[in-house]
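The primary structure of each chain is shown beneath.
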Amino acid sequence: MQKFDKVASIREALAVVRSQGKSVGLVPTMGALHDGHLSLIRKALEQNDVVVVSVFVNPIQFNNKEDLAKYPRTVDADMALIENLQKSEFDGAKKELFVLVPSVEEMYPEPVKEVYHFGALEEVMEGPQRPGHFSGVAVVVRRLFDIAEPQRAYFGEKDYQQLAIIRNLIEQIKYPIEIVACPIVRADDGLALSSRNMRLSPAARAIAPAINDTLQQAAEMAECEDVDDVKEWVMGTLSSFHEVNEEQCPDGLKFEPEYFEVVNAKTLQPIENWEDAGGDGAVGCIAVWLDGVRLIDVVKF
Ligand code: PAF
């Protein structure tokens, strides 16, 4: 494993591996790595000769300064996790791992002027809640594509809308990169793994699995209930959780769902009836505040 903090140095190293005909996979991350990220890195190592993992908390995708300031930064632990994965599972496999950990100045030596638009894809869910977020994601991902020039790039399905945005970005900029979507990794109690989970208090962490429990029950309800009824039930169940489970919710601890939307799995446009999703299928995407932490999750219907 090699660590780079300069863009020029990793470009040089990548030029060498490319001249040897080796394939490159890119795993963009904001660090605070967990098993979800490791599943992306594992997949990338299986499918490529060289894997570039970027660890960069991208300031221009945060529309909330406090969220940016509180985003966990654990670079040493991240490096140890990546190294351990390579040693324990890919020892002798002749795979190379490059970890890019640039500063903000290194990534953005000039003020960022580019703006990306994603039409209807960004008019739903995260889009209205986080103005400028997806453009900020697109800017950094394109920069990482330009640096790594990968054949494949790996993204998690937990950020379902981000995945659709990245696929759209690839069409806009016409880069021949295969986007590999990797399934959500969950803790044993069902909570979707997220770097933000480490900011939850023990009491909040204990009730957080109710998000996935509620979504799983919603998937069962979808077999006989209308879309609107399922949506209302999900929002109501989480909003009233603290009233029904008083003993588990000390000091005003409660879920504050921001949205739960049922959308066509490809176009991400909200559907009113299950049949409207057609062959694409439907997914439910949720964002919930808990203990000052914003959590997202997805259920496939
Ligand atoms: O999903 C994330 O962690 C980030 O949005 C990404 C893709 C690394 C861009 O900063």
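Residues numbered from 1 in each chain as written. Predicted model: local features only at pLDDT ≥ 70, side-chain atom pairs only at ≥ 80, totals over all residues. Heavy atoms only, no water.

**Overview of the environment of Ala164**
Mapped onto the secondary structure, Ala164 falls in helix H8 (residues 160–173). Distance in space between the C-alpha atoms of Ala164 and Thr267 is 8.1 Å, their sequence separation being 103 residues. Once residues lying within four places of it in the same chain are set aside, the contact partners of Ala164 are Leu121 and Leu268. (Helix = DSSP H or I, 4+ residues; strand = E, 2+ residues; numbered from the N terminus. Contact = heavy atoms within 4.5 Å.)

**Observations regarding the site of the ligand**
Around the ligand, the neighbouring residues are Pro28, Thr29, Met30, Asn58, Gln61, Val140, Phe155 and Gln162. One nitrogen or oxygen atom from the side chain of Gln61 is found 2.6 Å from an oxygen atom belonging to the ligand. A distance of 2.7 Å separates an oxygen atom of the ligand from a polar atom in the side chain of Gln162. Look at the ligand: alone it shows 290 Å² of surface, and the protein chains cover 89% of it. (Near = heavy atom within 4 Å. Polar contact = N/O pair within 3.5 Å; in protein donor to acceptor, adjacent residues only side chain to side chain. Areas by Shrake-Rupley, 256 points an atom, 1.4 Å probe, with all protein chains shown as cover.)

**Considering the pairing of strand E2 (residues 24–29)**
Across the six residues of E2, six count as buried, placing the element largely inside the fold. Neither face of E2 is open: one carries Val24, Leu26 and Pro28, the other Gly25, Val27 and Thr29, and all of them are buried. Remark: the E2/helix H2 (residues 35–47)/strand E3 (residues 50–55) crossover connection has right-handed handedness. Of the strand pairs in this sheet, E2 and strand E5 (residues 152–156) are connected by two bridges, and their pairing is parallel. Its bridge partner lying in E5, Leu26 is registered against Ala153. (Buried < 20%, exposed > 50% of the residue type's maximum accessible area, 1.4 Å probe, protein only. Right-handed = clockwise from strand over helix to strand, strands pointing away. Pairing = 2+ DSSP bridges.)

**Some words on the packing of aromatic side chains**
One pass over the full model with this rule turns up seven aromatic pairs. With 6.5 Å between their ring centres and 20 degrees between their planes, Tyr116 and Phe118 make a pair best called stacked. For Tyr116, a relative accessible area of 9% gives the class buried. Judged by relative accessible area, Phe118 falls into the buried class, the value being 5%. (Phe/Tyr/Trp six-rings, centres within 6.5 Å; stacked < 30°, edge-to-face > 60°.)

**Side note on the nonpolar core**
Soluble, globular proteins show a tendency: their nonpolar side chains are buried together. Of all hydrophobic cores here, the largest spans 51 residues; its most connected members are Leu14, Phe98, Phe145 and Ile179. Top element by residues in this core is helix H7 (residues 133–148). It accounts for ten residues. When near neighbours in sequence (up to four residues on either side) are disregarded, Leu14 contacts Val24, Val50, Val52, Phe98, Ile147 and Ala148. Judged by nonpolar contacts, the second largest core, of 32 residues, contains Phe255, Ala282, Ile286 and Leu295. (Core = buried A, V, L, I, M, F, W, Y, C linked by side-chain atoms within 4.5 Å.)

Everything listed here is a matter of coordinates, which is why it stays silent on function.
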